[in-house]
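The chain contents come next:
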Amino acid sequence: MIHADFTYNGISCDAYGVYIGEFSNREVGKTSISHETNLNTAHSRKNNTFHIISQNYSSPLSFEMQVFNRDFGDISQEHERALKKWLMKRGKYEWFHILDKRYANLWFKANIHSPTNIFVNHVIGISFQVSTNSPYAFSDLIEYTIEFSNNGKTASIYVDNDEDSPIYPEMEIIMLSDGDLIISNSIDTNTKNQFKLTDLKAGEKITIHNEIPFMESTRDTLLKTVYDRFSKYWFFLADGNNVITVSNNCILTLRYRETRKVGI
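Throughout, a residue's number is its position along its own chain's written sequence, starting from 1. Side-chain atom pairs in this predicted model are given and counted only at pLDDT of 80 or more, local residue features only at pLDDT of at least 70, and totals for whole chains, interfaces and linings cover all residues. As a rule here, side-chain values cover all heavy atoms of the structure and leave hydrogens and water aside.

> Can you help me understand the overall build of the protein in this one?
Every helix listed is a DSSP run of H or I at least four residues long, and every strand listed is a run of E at least two residues long, numbered separately from the N terminus. Across its full length, the protein holds one helix and 20 strands. Both definitions apply: the radius of gyration is a C-alpha atom measure, and the globule rule equals 2.2 Å times residues to the power 0.38. Here the protein has a C-alpha radius of gyration of 24 Å; the compact-globule value for 264 residues is 18 Å, and the former is much larger. Under the scheme applied here, a residue whose accessible area is under 20% of the maximum for its type counts as buried, over 50% as exposed, and between as partly exposed, the area being computed with a 1.4 Å probe on protein chains only. The buried share of the protein, taken over its 264 residues, is 41%. We call two residues in contact whenever any of their non-hydrogen atoms come within 4.5 Å of each other. Considering only contacts within the protein whose residues lie at least 6 apart along the sequence, 70% involve residues at least 24 apart. Just so you have it, the protein exposes about 14,800 Å², and 48% of that area is on carbon and sulfur atoms. To measure how exposed things are, a 1.4 Å probe is used in the Shrake-Rupley method; for residues, cover is taken only from the protein chains shown.

See the structure below:
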């Protein structure tokens, strides 16, 4: 049994007078299944060993949570409607955060759905299914703003990521000088391609939404955008020490979340 506060879509459960009473799909002494993968192997007849062909995640993290009133009272019709209006956003994932020591600094991109009322003479709670968009959780939002000038065009960022996959951060670039801009990362071993923007002007601001992916500039017009001046190779971070080098004077802001392999 767990008693914990939570936030969803930036709104605290305090606003609705409820808390999480239990994650009810647990067996005693176990957490829900998380990070489950499909391991495909091939048998080598030469030495009777099995080689891994692929190992992909089979499903995102999901669990069931039960919500109760703080005063242990019944949930009225009006209260039930308000809770479902807040929590049940069809077709959307929103950030879900459990305010408990075990889940400190952990965030889940979640869709809450399929409610079931819990009856003991009256409605005393509601059970919801929670489906996330990934097999793992994410860290707090991490943000760095670095000014690269003539005195130095290199900076180090240490990334503590639980996955081997790259992190594509949200980026903002404010140019301090005219010219082209190349941003490279020591951890990227691809020497044939690089993140490059050409024909930039001092004061120009480029915003890069890597999740979509999409980029825009303050110099964009209907006929010509910054994407036309882009190498089509996206910048990324990875687990370990990332030494970032830029070729021109600019202010670079990076925002991202690291992956956390923690289950519910």
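> Sorry if this is basic, but what is going on with the sheet that holds strand β3 (residues 18-22) here?
Backbone-to-backbone hydrogen bonds join strands into a sheet, with any given pair of strands oriented parallel or antiparallel. The pairing criterion is simple: DSSP has to find at least two bridges between the two strands. As summarised here, the arrangement of the seven strands in space is β2-β1-β7-β8-β9-β6-β3, forming an open sheet in which the pairing is antiparallel. Edge positions in the sheet fall to β2 (11-12) and β3, since each has one partner strand and no second. Relative to strand β6 (residues 62-69), β3 runs antiparallel, the two sharing four bridges. Looking at β6, one finds that V18 is bridged to N69.

> Would you explain unusual backbone geometry in this entry?
Generally, phi is negative for residues other than glycine and the peptide bonds are trans, each holding for most cases. For the bond running from I212 to P213, omega is -10 degrees, close enough to zero to count as cis. Looking at the secondary structure, you find P213 in the loop between β16 (205-209) and β17 (214-217). A positive phi angle, close to 55 degrees, is found at D199, a residue other than glycine. Relative to the elements of secondary structure, D199 occurs in strand β15 (residues 195-200). A residue is classified by how much of its surface remains accessible, and D199, at 34% relative accessible area, is partly exposed.

> What should I look at first to understand the environment of P115 in this one?
Within the secondary structure layout, P115 lies in strand β8 (residues 108-120). A C-alpha to C-alpha distance of 8.3 Å links P115 and K84, two positions 31 residues apart in sequence. Excluding residues that lie within four positions of it along the chain, P115 makes contacts with K84, M88, I126, S127 and F128.

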